[in-house]
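Inside the fold
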Amino acid sequence: MAPSSPMLTVLLLASCAAVALFLFRSRMARGDLWHATLTPLSSIIGSGFLIMAPLLASIVGPMAPVAILGIVLFAFAIGHVIRFNILHVEPRLADGRLHKGTREIEYLGNVVLVGAYIIAVAFYLSLLSSFLLGYLGVDDPDMERGLTTIVIVFIAGVGYLKGLGGLERLESISVTIQLCVIASLITGLAIYGFGFLTEGELHLDFPQRDVFTQLQMLAGALLVVQGFETSRFLGERYSPEIRVKSMRNAQLISGFIYVVSVILLMPVVQAMDLVHIRLAQIVDAVAPVALILPVMLMIAALTSQFSAAVADSGGAGGLLRENSHGHLSVRMGYVSVAAAAILLVWAVNLLEIVALASRAFAAYYFLQTLLALIYNYRDSPQRSRLRRVDTCLFIALALILAYIVAFSIPAE
């Protein structure tokens, strides 16, 4: 089926409409569990689903599908740690039953994560502004910073006036658009890939690096799928059980999207410059699949950065409330995050500090594994085989995360 085929265009639009109808009209989309899932889901897919395929192809070439599967499984294991802490460590931190050292580790991790969220919000929205203005042919750094500031103020205003529910409504619209585009993208790529398998052959011209450098870059790529931890900070509105389910659902949905999209995008990325990857290249590269896809992906690129910023703003607001022991409201937390993000936008080069944010996320996950280990060793009321299995898993994850904090390099 040719890229200009009207039938293919109709098929892509139909798949997009079907997903939109399901998400807006289904009973599932009106339930608390789906609303709680929106924040981690928007953060995970918003921060990297478009860039992951060429990114991994530039590191490991045709082994990119294997790499993304490993990254998704590792992220799910870290999510298990966060879910474990929500159910077991969080209640004991709240009522003071954990010893002082554990509380200090939790506090330190939260401080690190707040800084990472602020950098992430500023970075995502700067990318949004840069991509939008670049598409319109405008190259003005001050205008880019001004647009970024306006969007940050808008998100903070919604959060302050409408609370978490208001941010979730923004996320609902943004994630729905993304999922609709992803459905069309997967449909188009599947048809294109079938033709490619019967007629073409994959040739990836990617930089040759030593194994240690590849591992360092894969460690940096791991943080592209961060965002699931935002469920941890939605306790103002949702029970621990709903937050645990929402995180698991978000990771399963996003994991499927990442693995399938990387596999199906492999024929497309071979036409890209894998040394200097840019978002605009990805949008242009899907033109052979279907003429309508570049426009749809441009919309997805804008909404993905927006939704990731909204999700991280929501997580940071809840985190600030928790760290202040309730003295700072969640709504004021949104305002505080916005003020700090605006300061970063105007004061520093975000590209120079975004790698620091990636390591900060890894450091937070590392500290969360320490919390889980300490709980199992000192505070767990039972000594079962499952606890021993968890302990072995937590130790392995802690070692890998320590490696990421120490040795990861930007995957670019």
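Everything discussed here concerns the structure shown above.
Right, let's walk through the structure included here. Keep in mind it's a predicted model, so treat the numbers as computed, not measured.

**Here we look at a nonpolar patch on the surface**
Residues Tyr135, Leu136, Val138 and Met143 make up a contiguous nonpolar surface patch of about 400 Å² in total accessible area. Counting through the fold element by element, Met143 comes out in helix α6 (residues 141-199). Looking at Met143, the relative accessible area reads 42%, which means it is partly exposed.

**Comments concerning the packing of aromatic side chains**
Under the criterion given, the structure shown has 9 aromatic pairs. Plain terms: the ring middles of Phe84 and Tyr375 are 5.6 Å apart, the flat faces sit at 75° to each other, and that makes the pair edge-to-face. Separated by 291 residues along the polypeptide, Phe84 in helix α4 (residues 64-94) and Tyr375 in helix α12 (residues 350-379) bring together distant segments of the chain. Assigned by exposure class, Phe84 and Tyr375 land together as buried.

**Considering helix α7 (residues 211-222)**
In a regular helix each residue adds 1.5 Å, so 12 residues correspond to 16 Å; α7 covers 16 Å between its end C-alpha atoms and thus fits that length. α7 sits mainly inside the fold: 9 of its 12 residues count as buried. Looking only at α7, the buried set comprises Thr213, Gln214, Gln216, Met217, Leu218, Ala219, Gly220, Ala221 and Leu222. For α7, the side-chain oxygen to backbone nitrogen distance between the N-cap and Phe212 is 3.1 Å, and the N-cap itself is Asp210.

**Focus: the pattern of salt bridges**
This model, assessed by the stated rule, comprises 4 salt bridges. When the shortest N-O distance is used, the salt bridge between Arg232 and Glu90 registers 3.1 Å. Note that Arg232 is positioned in the loop between α7 and α8 (240-269) and Glu90 in helix α4, a separation of 142 residues in sequence. Classification of Arg232 as buried rests on a relative accessible area of 4%. Glu90 gets classed as buried once you look at its relative accessible area, which sits at 18%. One salt bridge in this structure joins Glu106 and Arg232, with 2.3 Å as the shortest N-O distance. Of this pair, Glu106 sits in helix α5 (residues 100-135) while Arg232 sits in the loop between α7 and α8; the two residues are 126 residues apart in sequence, bridging distant segments of the chain. Within this structure, Glu90, Glu106, Arg232 and Arg243 form a network of salt bridges that share partners.

Conventions we followed
Residues numbered from 1 in each chain as written. Predicted model: local features only at pLDDT ≥ 70, side-chain atom pairs only at ≥ 80, totals over all residues. Heavy atoms only, no water. Patch = residues over 30% accessible without salt bridge, like charges linked within 9 Å, V, L, I, M, F, W, Y side chains within 5 Å. Areas by Shrake-Rupley, 256 points an atom, 1.4 Å probe, with all protein chains shown as cover. Salt bridge = Lys/Arg side-chain N within 4 Å of Asp/Glu carboxyl O. Helix = DSSP H or I, 4+ residues; strand = E, 2+ residues; numbered from the N terminus. Buried < 20%, exposed > 50% of the residue type's maximum accessible area, 1.4 Å probe, protein only. Phe/Tyr/Trp six-rings, centres within 6.5 Å; stacked < 30°, edge-to-face > 60°. Expected span 1.5 Å × (residues − 1). Polar contact = N/O pair within 3.5 Å; in protein donor to acceptor, adjacent residues only side chain to side chain.

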